[in-house]
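Survey of secondary and tertiary structure
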Amino acid sequence: MDATTAAGLGKLLTPLVKEILTGAKKMGVTGLQRWEQRTFPSKIGARIKTIENVRTIWKPDAISLLKFFHPPKLVIDGKPTLVNKLSDIDSSLIVLEGIVGQGKSILLRSLAVQEIISNEAKRLPLFIELKDLSSKLELQQAIFKKLESYDIDVDEETLNYLLRSGRVALLLDGFDEIEEGMIKGTFLAIEHLANRYPELQVVVTSRPGREIQKSTLFQTIRIASLTQVEFAPFLAKLGVSSEKSIALRAAIKNSPSRVSNLITTPLMLTLVVMVYEAESQIPETLPEFFSRLFQTVFTRHDHLKAAFTRKHHSGLSEKALQELFENFCFMAIQSGYGRTLDQYQFNEIYDLAIDHSDHKCSPESFRLDIVKVACLMLEDGIDSTTFLHKSILEYFAAAFVKRLSEENAKLFYAAAVENGKEWEEVLRFLKSIDPFRHSKYYLLPAVARERADVIQPASDNSPESILRTFTKLQPDLGVFFKEGADKHTAVVGAYGRFITRPSEILVDFSALIMSALDELVRPISTVEEVEEFFQKHPRNADEHHGVHVPLAALAGRFGTAPLKRCLDIYETSLSRLEIEANEVVSKEQKKSLIFGRKRTPD
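Reference entry: report on the structure contained in this document. (Residues numbered from 1 in each chain as written. Predicted model: local features only at pLDDT ≥ 70, side-chain atom pairs only at ≥ 80, totals over all residues. Heavy atoms only, no water.)

Looking at the pairing of strand E5 (residues 93-97)
When you tally the buried positions in E5, you get five out of five residues, the bulk of the element. Where burial is concerned, the two faces of E5 agree: the one with Leu93, Val95 and Glu97 and the one with Ile94 and Leu96 are both buried. Inspection of the sheet shows E5 paired to strand E8 (residues 201-206) by five bridges, in the parallel sense. Of the residues in E8, the one forming a bridge with Val95 is Val204. Both E5 and strand E9 (residues 219-223) contribute to a ladder of four bridges, which runs parallel. The residue bridging Leu96 from the neighbouring strand is Ile221, located in E9. (Buried < 20%, exposed > 50% of the residue type's maximum accessible area, 1.4 Å probe, protein only. Helix = DSSP H or I, 4+ residues; strand = E, 2+ residues; numbered from the N terminus. Pairing = 2+ DSSP bridges.)

Some remarks on the pattern of salt bridges
Summed over all chains, the structure comprises 38 salt bridges. With a closest N to O distance of 3.2 Å, Lys85 and Asp88 form a salt bridge. Assessed through its relative accessible area of 14%, Lys85 is described here as buried. Judged by relative accessible area, which is 35%, Asp88 ranks as partly exposed. Among the salt bridges present, the one from Glu519 reaches Arg565, with a minimum N-O distance of 2.3 Å. Pair noted here: Glu519 is in helix H19 (residues 509-520) and Arg565 is in helix H22 (residues 561-589), with a separation of 46 residues, a long-range link. With a relative accessible area of 27%, Glu519 lands in the partly exposed category. On the basis of relative accessibility, which here comes to 41%, the residue Arg565 falls in the partly exposed class. Salt bridges here are not isolated pairs; linked through shared partners, they connect Asp176, Arg207, Arg210, Lys390, Glu394, Lys421, Glu424, Glu425 and Arg428. (Salt bridge = Lys/Arg side-chain N within 4 Å of Asp/Glu carboxyl O.)

Brief notes about helix H18 (residues 463-473)
Along H18, the residues classified as buried are Ser465, Ile466, Thr469, Phe470 and Leu473. End-on view of H18: buried residues confined to an arc of 130°, all on one side of the axis. Of the residues in H18, the exposed ones pointing more than 90 degrees away from the buried face are Glu464, Arg468 and Lys472. Those residues of H18 hidden inside the fold are in contact with helix H17 (435-455), H19, helix H21 (551-558) and H22. (Arc of directions from axis to C-beta. Contact = heavy atoms within 4.5 Å.)

Details of the nonpolar core
Across soluble globular proteins, nonpolar side chains have a tendency to be buried as a group. In this structure, Phe325, Phe328, Phe366, Phe412, Tyr442, Phe470 and Phe509 are the most contacted members of the largest nonpolar core, which totals 121 residues. Per element, the largest residue contribution to this core is 10 residues, and it comes from helix H11 (residues 318-334). Of all hydrophobic cores here, the second largest spans 76 residues; its members include Leu16, Ala121, Ala169 and Phe187. (Core = buried A, V, L, I, M, F, W, Y, C linked by side-chain atoms within 4.5 Å.)

Observations concerning the packing of H11 against helix H12 (residues 343-355)
It is at 8 Å that the axes of H11 and H12 come closest, and there the two elements cross at 120°. Classed by the angle they form, the pair H11 and H12 counts as oblique. In the packing of H11 onto H12, the handedness of the crossing is right-handed. Contact with H11, carried on its side by Leu324, Asn327, Phe328, Met331 and Ala332, involves Phe346, Ile349, Tyr350, Leu352, Ala353 and Ile354 of H12 and no other residues of that element. Split into classes, the residues belonging to the contact of H11 with H12 amount to 10 nonpolar, one polar and no charged. (Axes fitted to C-alpha atoms, helices over the stretch in contact; angles between N-to-C directions. Parallel < 35°, antiparallel > 145°, perpendicular 65-115°, else oblique. Left-handed = near helix turned anticlockwise from the far one by under 90°. Nonpolar A, V, L, I, M, F, W, Y, C, P; charged D, E, K, R; others polar.)

Re the sheet that holds strand E11 (residues 377-380)
In sheet architecture, strand pairing relies on hydrogen bonds along the backbone and comes in two forms, parallel and antiparallel. With antiparallel pairing, three strands are arranged side by side in an open sheet as E10-E12-E11. The two strands at the open ends of the sheet, each matched to only one other strand, are strand E10 (340-342) and E11. This sheet shows a mean twist of 30° between the axes of neighbouring strands, independent of strand direction. Examined bridge by bridge, E10 and strand E12 (residues 384-387) share three bridges and lie antiparallel to one another. Residue pairing across strands places Leu341 opposite Thr385, the latter belonging to E12. The sheet contacts of H11 involve E10, E11 and E12, and relative to E12 the element is tilted by about 100°. Helix H13 (residues 363-373) contacts E11 and E12 of the sheet and is inclined by roughly 100° relative to E11.

A look at the environment of Asn254
Within the secondary structure, Asn254 is located in helix H8 (residues 242-254). The spatial distance from the C-alpha of Asn254 to the C-alpha of Ile282 is 10.0 Å, given a sequence separation of 28 residues.

Details of the sheet that holds strand E13 (residues 478-483)
Taken together, three strands build an open sheet; the order of strands is E14-E13-E15 and the sheet is antiparallel. Strands with a single pairing partner mark the edges of an open sheet, and in this sheet they are strand E14 (490-495) and strand E15 (547-550). When the angles between neighbouring strand axes are averaged without regard to direction, this sheet yields 35°. Sheet analysis places E13 next to E15, joined by four bridges and oriented antiparallel. Among the inter-strand pairings, Phe481 is bridged to a residue of E15, identified as Val547.

Remarks on unusual backbone geometry
Within the chain, Asp77 stands out as a residue other than glycine whose phi angle is a positive 55°. Tracing the backbone through its elements, the reader meets Asp77 in the loop between strand E3 (73-76) and strand E4 (79-82). A relative accessible area of 76% means that Asp77 is categorised as exposed. Look at Ser280: it is not a glycine, yet its phi comes out positive at around 60°. Counting through the fold element by element, Ser280 comes out in the loop between helix H9 (266-279) and helix H10 (286-299).

Section: the pairing of E11
Two strands pair when backbone bridges link them, and E11 and E12 are joined in this way by four bridges, in the antiparallel orientation. Its bridge partner being in E12, Leu378 is matched across the sheet by Thr386. The hairpin turn running from E11 into E12, its antiparallel successor, is three residues long, and Gly381 in that turn takes a positive phi close to 80°.

This is the structure:
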């Protein structure tokens, strides 16, 4: 479908706008008065247009997603299912979960835009990028700001009307990109909105294993992997000619490269297209692939113009720039910054990066090369610069680690054992590009630590040891019970606060614990049972979560068998990781035998 115009979007939204405005008048709500202006449809169309227009590594300049986006499928009831618009999803509280590069953000934008252009718009989309939240801009303020951009005079009466109208969809993009200090507050704010406004549709995108997936209010829907059957239509959407598409798909199919096995996401296939167009082949290894990618993004614009070589503002070679960029990416993550850096943060990270480089240039010339030439980062507002995709930041940070000496690599991996969550995706890349050191210095010590902290204390399998282990690891663990809509049914409102362990990136222990808690509370179905068993009264519950029943009380009533099964599954998963890591280490260490071989005399 062709890109839409702001006026066209405004016209398509007119029935929905009239419905919302009519309801506001009936309720005596005054905050929507500017919607009655003749020019308003074009104004709101222009705001929606900002959801439709995106910048990607394939098209760094803003472009309508309708021109290139190939929608992925969602796994619904265990089956990959094509979902075109928001109203096609039954649930009103949804987490769209996807791994790196599955197109979560563009999918969320597409669902909103397709809802409107289908001429069946049922909800006004409020699209908010969670990476922009800070102590100065919390979620509620971001919602106010978005509503104000729709010519709404926000007051409490108007806000309550809109969020209770059933005609608004709150689209929250990138829960995994929220600053560490903002995660808990944002999670609670999202749950509060979901509880207070049951008519409000809330859709959140996130990578796996984040706090939002632990909410009992939200249904998690996973984005399906890209299959080879989808390669042809995906490439056609990118504008790749039929001839090139056939050649590329043949190259992928016939390639012995490990890279070809990783083409399960739209981002990875797009990167492969870029490298293949420049190299006419698929590199053998992941490090070689990303190195070629770096070279490709520096020269791809030049290939469009005969006898033209783009000047590097920094005066550095591509290899020197790549190493400096790797330093920069590592320092950005180590400093706790996200994808977007303001000018002060950019210069701070640059100073750290240049200290570990043999090459010199100014921060501004480096920024110009990365933004204007390579397009690996983008100008974002007046004084901010954003990584084009989070995986770019993470891969090149991993490449920095791969270049470290043995001793310095040990220091990094030891720190990662203590704080793995910070380096989660970097470690995933390192598993592929630095497998020996990743296995020896990170994976095996991390597994050993988990055995000592989690498995060993409960090794006698006694109920007392099992309960003591869980309460030590997760002191606030338990279940919150609330009244159901019928005032009789007891429903789980939330689990106790989880303490995220560094090893969560190896095995999702929190998910195993939640499954165990679900099994523990299965015998409870009514408010009366909660009162009888635990002397807790859901009718007097806190509006947000409910009444809290600690794990000790649950286990005292129903036993520790589900907790024991949780530990058994966890131990099995750890053992599998340990076996894989030992195989990698053993294979590499055997290579030392090569140098002990002696030639047999003739």
